[in-house]
Amino acid sequence: MLNTIKQEDRVINAKLWGMKLHLYMSSMQKRGKLIVPLCLFLLCPFASLPANILQDCDAADLLSVQSYRNQNLEDYPRLKSRLTRSFTVPGLAAGFVPQGIAFLPNSSHVILSGYLADTKHAVVILVDSTTGIPERVGRLFSGDSPKMRHAGGIAVTGDHFWIPGNTVLLRFPIAGLVESNAPPCIQIDVDRIVDGIGSRGSHLSSWGNHLIVGDFGRSRAQRSHAHHPIPHHRSPENRRLHFRSLVFSMDQETNLPKSTSRPCLILHHDEHVQGIAFAENGLVLLSRSWGDRPSCIDIHHISVDAGIIKSATLSPYTANTDDDYLIPSVTLSGSNLIDTFYGPPGSEGIIITGNTVMTVFEGGAYDYRLRWKTIEDRVLVFVIEHDVDD
């Protein structure tokens, strides 16, 4: 088994180096240079590998389930005591890097979003969450070209699912992914691109008839005006809460945001948010991670009545203009933090139904399992018990 895993790792490593070699040679050709001896030297380690090694992985690879290492959670006793089941993230041997997770309505299935480590192509995988068996892979396309997106989250509204891009949201039909007669690997074409959102879209989720999109951290681009619609001089006094997620109300007939220039709500929160989930009783869960350090699930409570947040105040907001609009906002801070669960490194997307929570971890992805000491390669399913009074 160990030899098999090492061989699979060598295959993925060869693909990654092949991609780097291609980029290097392209760069040299543009400069009028091509250093043949160096190229031959770089190719030597791959001479005995199969000819198709530098091509995309097929459906069988992405639907395979190979566990590399996961935790018995002894270091996280509260999480362990609430754990009800788990299943291994599929496609790790093929270079799949999981990012988001979403429920499929009226089903036991979930959709995992992510990208391939070698090509950066965005893919989604349909998984039966009760058995952990992956059933179908969807490669995301725009016309004849695969989408090279981070796919940092996924949200389902109506008959579509969404993934975020750099200041855009991309909508795809669900139908082909769930069709019983569909082949194991299908192409799913984007049917709508919504631009002008005030976020790079590091994470994305849905809550009722709303989309929630937000940023992860302090990249230079995210600090720019175009990607940070809350003016810096009008941000919360607590600079740690400088980051925010935007909540957009959806038109039920068109299944599109009613407005991208004015979200219906702003959520102020700390950085390093990889996923966010709303519960009907006003609980808001933030999945936060810091590389190879332990992750945490912060649980906040805000006042909600019939889907309307009652505790909102007004915050300035500007998108695509220099005009400030006053938008209802809620600050997720220590004043409404009611619990925190700590877990292994690499927590990403998070979803909740009732008191059952699912969180996907990226530690089993190729790049991370080589560098991190603590590896978690599963979707963890656990329960929380918080009865709150509005």
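Computed from a prediction, not measured in an experiment: that's the story for all the values here.

J.: Residues and numbers for the pattern of salt bridges, please.
T.: Scanning all chains against the criterion turns up eight salt bridges. Among the ionic pairs, Lys80 bridges to Glu74, the shortest N-O distance being 2.4 Å. Overall, the relative accessible area of 36% leaves Lys80 in the partly exposed class. One salt bridge connects Arg288 with Asp298, and the closest N-O pair in it is separated by 3.1 Å. Placement of the pair is Arg288 in strand β18 (residues 283-290) and Asp298 in strand β19 (residues 293-301), with a sequence separation of 10 residues.

J.: So what's going on with unusual backbone geometry? Which residues, and what values?
T.: Its identity is not glycine, yet Asn255 carries a phi of approximately 55°, on the positive side. Counting through the fold element by element, Asn255 comes out in the loop between β14 (243-251) and β15 (256-257). At His272, a position not held by glycine, the phi torsion is positive, near 65°. In this fold, His272 is placed in the loop between β16 (265-269) and β17 (273-278). The class of His272 is buried, set by a relative accessible area of 19%.

J.: Please set out the sheet that holds strand β1 (residues 83-88) residue by residue, giving values where relevant.
T.: Overall, antiparallel pairing links the four strands, which are arranged β1-β27-β26-β25 in an open sheet. Each of the sheet's edge strands pairs with one partner strand only, and the pair in question is β1 and β25 (347-353). Between one strand axis and the next, the sheet turns by 15° as a mean value, whatever way the strands run. Of the pairings in the sheet, the one linking β25 to strand β26 (residues 356-361) comprises five bridges and is antiparallel in character.

J.: For the nonpolar core, give the residues involved together with the corresponding values.
T.: Among the nonpolar cores identified, the biggest contains 22 residues, and Val89, Phe96, Ile101, Val110, Leu112, Met358 and Val379 are the most heavily contacted of them. Among the secondary structure elements, those contributing two or more residues to this core are β2 (96-103), β3 (109-116), β4 (122-128), β26 and β27 (378-383). Apart from the residues lying within four places of it in its own chain, the contact partners of Phe96 are Leu62, Val89, Pro90, Gly91, Leu112, Ser113, Gly114, Tyr115, Leu116, Val123, Ile125 and Ala365. One finds Ala102, Val124, Phe161 and Leu170 within the second-largest nonpolar core, a separate group that totals 21 residues.

J.: Explain the environment of Val360 residue by residue, including any values.
T.: By the element assignment, Val360 lies in strand β26. According to the relative accessible area criterion, Val360 is buried, its value standing at 0%. Through-space distance from the C-alpha of Val360 to that of Gly275 is 9.7 Å; in sequence the pair is 85 residues apart. Contacts of Val360, omitting those with residues within four sequence positions, involve Val89, Pro98, Gln99, Gly100, Ile101, Leu112, Gly346, Ser347, Glu348, Gly349, Arg378 and Val379.

J.: With reference to specific residues and values, describe the packing of aromatic side chains.
T.: This model, assessed by the stated rule, comprises four aromatic pairs. Considering the side-chain rings of Trp207 and Phe278, the 4.5 Å spacing of their centres and the 25° angle between planes classify their relative orientation as stacked. In this pair, Trp207 sits in strand β12 (residues 203-207) while Phe278 sits in strand β17, placing the two residues 71 residues apart along the sequence. Residue Phe278 is classed as buried on the basis of its relative accessible area of 7%. One cation-aromatic arrangement involves Arg78 over Phe341; the distance from NZ or CZ to the ring centre is 4.4 Å. The ring of Tyr68 has Arg369 sitting right over it, with the charged end atom 3.7 Å from the ring centre.

J.: Describe the sheet that holds strand β8 (residues 160-164), naming the residues involved and giving the relevant values.
T.: Backbone-to-backbone hydrogen bonds pair the strands of a sheet. The strands run either parallel or antiparallel. One open sheet holds the four strands; their spatial order is β7-β8-β9-β11, and the pairing between them is antiparallel. Every other strand in the sheet has two partners, leaving β7 (155-157) and β11 (192-195) as the edge strands with one partner each. Direction aside, neighbouring strands of the sheet carry axes that sit 25° apart on average.

J.: Now, about the side chain of Ser249: what can you tell me, with residues and values included?
T.: Locating Ser249 in the fold gives a position in strand β14. When its relative accessible area of 19% is taken as the criterion, Ser249 is described as buried. Residues within four places of Ser249 in sequence aside, it is in contact with Asn209, His210, Leu256, Pro257, Lys258 and Cys264.

J.: I'd like to hear about the confidence of the model for the protein chain, residue by residue, with values.
T.: Of the residues in the protein chain, 72% have a pLDDT of 70 or more, and the chain-wide mean is 79. Within the model, the stretch residues 1-6 combines pLDDT values under 50 with four contacts to residues more than four positions away or in other chains.

Calculation rules
- Residues numbered from 1 in each chain as written.
- Predicted model: local features only at pLDDT ≥ 70, side-chain atom pairs only at ≥ 80, totals over all residues.
- Heavy atoms only, no water.
- Salt bridge = Lys/Arg side-chain N within 4 Å of Asp/Glu carboxyl O.
- Buried < 20%, exposed > 50% of the residue type's maximum accessible area, 1.4 Å probe, protein only.
- Helix = DSSP H or I, 4+ residues; strand = E, 2+ residues; numbered from the N terminus.
- Pairing = 2+ DSSP bridges.
- Axes fitted to C-alpha atoms, helices over the stretch in contact; angles between N-to-C directions.
- Core = buried A, V, L, I, M, F, W, Y, C linked by side-chain atoms within 4.5 Å.
- Contact = heavy atoms within 4.5 Å.
- Phe/Tyr/Trp six-rings, centres within 6.5 Å; stacked < 30°, edge-to-face > 60°.
- Lys NZ or Arg CZ within 6 Å of the ring centre and 35° of its normal.
- pLDDT = per-residue confidence, 0-100.

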